[in-house]
Amino acid sequence: MDFYYHPCSAPCRSVIMTAKALGVEMNMKLLKVMDGEQLKPEFVELNPQHCIPTLVDDGFSLWESRAILIYLVEKYGADDSLYPSDPQKKAVVNQRLYFDMGTLFQSFIDAIYPQIRSKEPADPVAMQKVDTAFGHLDTFLEDQEYVAGDCLTVADIALLASVSTFEVVDFDIAQYPNVARWYENAKEVTPGWEENWDGVQLIKKFIQDGNE
Ligand SMILES: N[C@@H](CCC(=O)N[C@@H](CS)C(=O)NCC(=O)O)C(=O)O
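So, how was this worked out
In every chain, residue numbers begin from 1 and rise along the written sequence. Local features in a predicted model are, by the rule used here, given only for residues with pLDDT of at least 70; side-chain atom pairs are given and counted only at 80 or more, and totals for whole chains, interfaces and linings are based on all residues. The side-chain numbers reported here are obtained from all heavy atoms of the structure, hydrogens and water having been left aside. UniProt positions are given in the numbering used here, feature names are shortened, and annotations may be inferred rather than shown by experiment. Put simply, a salt bridge is a Lys or Arg side-chain nitrogen that is within 4 Å of an Asp or Glu carboxyl oxygen. Secondary structure elements follow DSSP: runs of H or I no shorter than four residues count as helices, runs of E no shorter than two count as strands, and numbering proceeds from the N terminus. In this scheme, a residue with accessible area under 20% of its type's maximum is buried, one over 50% is exposed, and one in between is partly exposed, where area comes from a 1.4 Å probe on protein chains only.

With an unreviewed UniProt entry as reference, the chain is termed GG18806, source organism Drosophila erecta. The Sequence similarities (unreviewed entry) field of the UniProt record for the chain holds the comment "Belongs to the GST superfamily." Quoted straight from UniProt, the Subunit (unreviewed entry) entry for the chain says "Homodimer."

Next up, the structure:
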């Protein structure tokens, strides 16, 4: 199974952690998107949207990280704990995954990317959306250990990759006590956390080097 990735990408890191949790071995293929490698014809052939993460499993090509997480659990999971088959439990996991994609990680793209990439000053409206997203996550985590209930799911893994990426700008997660409690525990229990953290540190290094 080929996995096209870059360690700086939070969506790629969520797939790496999920594969580790499942004990799935992937043939890691680093794709330097900063150098435009995703536009090479051989990659566009695999993924016409030319984005990472992209998984190619025995000729079956799939992208969109959260779709990949679900595919991996459904195809390779020994049980359904990371992505429950019960319709209501699954629906909550899906809601959290869509929340991550459309709201929380989107707030990172809108508010933090411009600060990192173009050294733009923080946009107060975009930063307010970050606060709102973290506030919602904090509410989801009231009285529960994991984002979709009482056990670790792919929604925790996707959100762990996203939330940790905010640390590249030393975002103060402690402002959101339930998120902070969940984050500390998720770091402990999620296989592959160290690799995820290495990716976050790599982004930090790029930012520091760019500022020198
Ligand atoms: N929603 C997608 C986001 C994928 C994405 O934006 N990937 C970026 C890197 S993080 C990329 O491949 N950019 C290069 C391109 O789109 O050409 C996911 O979660 O997989």
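Considerations on the pattern of salt bridges
Counted by the stated rule, this structure contains six salt bridges. Across the pair D57 and K75 runs a salt bridge whose closest N-O atoms are separated by 3.6 Å. Placement of the pair is D57 in strand 3 (residues 54-57) and K75 in helix 3 (residues 65-76), with a sequence separation of 18 residues. A relative accessible area of 7% places D57 in the buried class. Taking the relative accessible area as the measure of exposure, K75 reaches 47% and is therefore partly exposed. The salt bridge partner of D170 is K204, with a shortest N-O separation of 2.9 Å.

Considering unusual backbone geometry
In this structure, P53 follows I52 across a cis peptide bond, with omega equal to 0°. Here P53 is to be found in the loop between helix 2 (41-46) and strand 3. Phi at E64 is positive, roughly 80°, even though this residue is not glycine. Within the fold, E64 resides in the loop between strand 4 (60-63) and helix 3. The residue D143 is not glycine, and still its phi comes out positive at about 60°. Here D143 lies in the loop between helix 6 (124-140) and helix 7 (154-165).

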